[in-house]
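# Structural description and commentary
Now for the letters of each chain:
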Amino acid sequence: MPELGAGERHLEPERHSGQEQHSWKELPRRLTEMALALWKNFLQITMKRILQQRRLSLYNGAHGYEEEVIKKKLQQFSGGSINLSKEDNGIAILTLNNPKLMNAFSGTMMVELQEKVTELENWKDGKGLIIHGAGNTFCSGSDLNVVKEISNSQDGMNMCMFMQNTLTRLMRLPLISVALVQGKAFGGGAELTTACDFRLMTPGSEIRFVHKHMGLAPGWGGGARLVRIVGSGAALQLLGGAARVEPERARSLGLSEATLGAAEESGALAEARAWLGQYTEGPAAVIRAVKKVVAAGRELPLEVALRTEKDIFGTVWGGPANLQALVRRPKHK
Ligand SMILES: CC[C@H](C(=O)O)C(=O)SCCNC(=O)CCNC(=O)[C@H](O)C(C)(C)COP(=O)(O)OP(=O)(O)OC[C@H]1O[C@@H](n2cnc3c(N)ncnc32)[C@H](O)[C@@H]1OP(=O)(O)O
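Because the structure is a prediction, the values reported are computed rather than measured.

## Some words on the confidence of the model for the chain
- Model confidence for the chain is summarised by a mean pLDDT of 92, while 91% of its residues fall at 70 or above.
- Across residues 1-16 the pLDDT falls below 50, and counting only partners more than four positions away or on other chains, this stretch makes ten contacts in the model.
- This complex was scored by the predictor with a pTM of 0.86 and an ipTM of 0.97.

This is the structure:
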């Protein structure tokens, strides 16, 4: 006789001891319990998968998105690079490096950005991220030479979905992120700053959504994110007027957190590191949990965000940092 599985054994008939007759009576209740447990398990796995997919990307084939097609196309337009350096303090520095074109995004830089975001998703010790541009300027958006070459609708839609996927994943990283704006953040560069949790600006720098002057509206998700950062009225003014936003106005709109003292690269980076350090000080598991809770609250409907918060809480409750704190019993004066 072949071996029976655990579930099948419950269904074995023809046993006659008193105890077994008792088991038969229990059968409907136990079957209901099993069915309920299976259903709960199925729901949990499905929810987890859906959330995981949502966390990673916005668009897939069902949206007419052709990732491999656009990647192949973008690879044809080279220039510049995206550099990533992960420091021991848990802060990573991502550098947009195409200074000849004011750090405009070539096609290969768009693809490299996606690769660096994947690398950051897999960096389990990370706590913070600073994005800045080489040569004392942030980024002047897409390389207009590339834009011209992909100005047909199919390429445009694919590029838009490619960049939205990448920037959404960047925004959802469990790292507290800062865009360090020196010089100019224009067009897609301005949009990129909105995918970070915070923006810090140096004296003389400006953020400008120049899309209108290019006959465009934002497409990298910067419009939707800008509304959430500054509100719809201010967003409409900045986009509708292609307005120049210098540090003081950015501060008053809530677009920038602080204006740094240094304007040149190494001084500004040092200041940005110190500013971010006040939020990344502490164990990675805790800082990452804090960011995940905020990211869920920012994006998800309240009930889903609350349940997500419960799950994240479960990852730190009774964890090493929590137990050590209970031993130390610090006074929070
Ligand atoms: C959704 C996003 C959107 C899209 O992809 O659909 C975009 O991002 S479209 C691009 C939006 N950005 C622009 O239109 C920026 C245009 N450039 C400028 O306004 C100026 O160059 C500026 C203000 C960024 C810098 O001015 P500055 O006087 O300081 O320097 P130069 O103009 O001499 O610039 C140096 C050099 O860089 C070239 N450059 C600058 N930005 C781009 C760009 N986005 N694409 C290609 N090339 C760019 C500029 O032409 C100069 O090169 P040169 O060979 O000397 O002409």
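## Observations regarding the site of the ligand
- Residues in close proximity to the ligand total 20 residues, the closest being S140, S142, L144, G188 and L216.
- In the environment of the ligand, a nitrogen atom lies 2.8 Å from a nitrogen or oxygen atom belonging to the backbone of S140.
- One of the backbone N or O atoms of G188 is found 2.9 Å from an oxygen atom in the ligand.
- Taken together, the elements giving at least two residues each to the shell around the ligand come down to α5 (144-149), β5 (184-186) and α7 (188-194).
- Tallied by class, residues from the shell around the ligand come to ten nonpolar, six polar and four charged.

## Section: a nonpolar patch on the surface
- A cluster of nonpolar residues, L144, V147, M214 and L216, forms a patch on the protein surface that exposes about 370 Å² of accessible area.
- Structurally, L216 can be placed in the loop between β7 (206-208) and α8 (222-230).
- Residue class for L216 comes out exposed when judged on its relative accessible area of 52%.

## A few points about the pairing of strand β6 (residues 198-201)
- Summarising the sheet, strand β4 (residues 176-181) and β6 pair through four bridges and their orientation is parallel. Pairing of A179 across the sheet is with R199, part of β6.
- In terms of strand pairing, β6 meets strand β9 (residues 258-259) through two bridges, oriented parallel. By the bridge assignment for β9, L200 is matched with A258.

## Side note on the sheet that holds β6
- If you trace the six strands from one edge of the open sheet to the other, you get β1-β2-β3-β4-β6-β9, paired in mixed fashion. Each having just a single partner strand, β1 (81-86) and β9 make up the two edges of the open sheet.
- Strands β1, β2 (91-97) and β3 (128-133) of the sheet are contacted by helix α4 (residues 107-121), whose axis makes an angle of about 15° with β1.

## Notes on the pattern of salt bridges
- In total, this model carries 13 salt bridges according to the counting rule given.
- Salt bridges sharing common partners tie together E26, R29 and E33.

## Examining the sheet that holds β7
- Read across the sheet, three strands follow the order β5-β7-β8 without closing on themselves; strand pairing throughout is mixed. Looking at strand neighbours, the two that pair on one side only are β5 and β8 (244-245), the edges of this open sheet.
- Pairing between β7 and β8: two bridges, direction antiparallel. By the bridge assignment for β8, I207 is matched with V245.

## Here we look at the domain arrangement of the chain
- According to the domain assignment, the chain contains domain 1 (64-280) and domain 2 (283-328).
- The straight-line distance from the C-alpha centre of domain 1 to that of domain 2 is 27 Å.
- Counting residues at the interface gives 14 residues for domain 1 and eight residues for domain 2.
- Roughly 1000 Å² of surface becomes buried between domain 1 and domain 2 when both sides are summed, with 51% attributable to carbon and sulfur atoms.
- The largest share of the area that domain 1 buries against domain 2 comes from K127, M171 and P174, three residues that together contribute 43% of it.
- Inspection of the region where domain 1 meets domain 2 yields three salt bridges.
- One salt bridge in this structure joins D197 and K291, with 3.0 Å as the shortest N-O distance.
- For the pair domain 1 and domain 2, the interface holds nine residue pairs in polar contact (both at pLDDT 80 or more).
- Partitioned by chemical class, the residues of the side of domain 1 that touches domain 2 number seven nonpolar, two polar and five charged.

## A few points about α4
- The end-to-end C-alpha separation of α4 is 22 Å, in line with the 21 Å expected for 15 residues at 1.5 Å each.
- Burial of α4 is extensive: eleven of the 15 residues sit out of reach of the surface.
- Buried within α4 are the following residues: G107, T108, M109, M110, V111, L113, Q114, K116, V117, L120 and E121.

Conventions and cut-offs
Residues numbered from 1 in each chain as written. Predicted model: local features only at pLDDT ≥ 70, side-chain atom pairs only at ≥ 80, totals over all residues. Heavy atoms only, no water. pLDDT = per-residue confidence, 0-100. Contact = heavy atoms within 4.5 Å. Near = heavy atom within 4 Å. Polar contact = N/O pair within 3.5 Å; in protein donor to acceptor, adjacent residues only side chain to side chain. Helix = DSSP H or I, 4+ residues; strand = E, 2+ residues; numbered from the N terminus. Nonpolar A, V, L, I, M, F, W, Y, C, P; charged D, E, K, R; others polar. Patch = residues over 30% accessible without salt bridge, like charges linked within 9 Å, V, L, I, M, F, W, Y side chains within 5 Å. Areas by Shrake-Rupley, 256 points an atom, 1.4 Å probe, with all protein chains shown as cover. Salt bridge = Lys/Arg side-chain N within 4 Å of Asp/Glu carboxyl O. Buried < 20%, exposed > 50% of the residue type's maximum accessible area, 1.4 Å probe, protein only. Pairing = 2+ DSSP bridges. Axes fitted to C-alpha atoms, helices over the stretch in contact; angles between N-to-C directions. Domains from an automatic or database assignment. Buried area = accessible area lost by both parts, 1.4 Å probe. Expected span 1.5 Å × (residues − 1).

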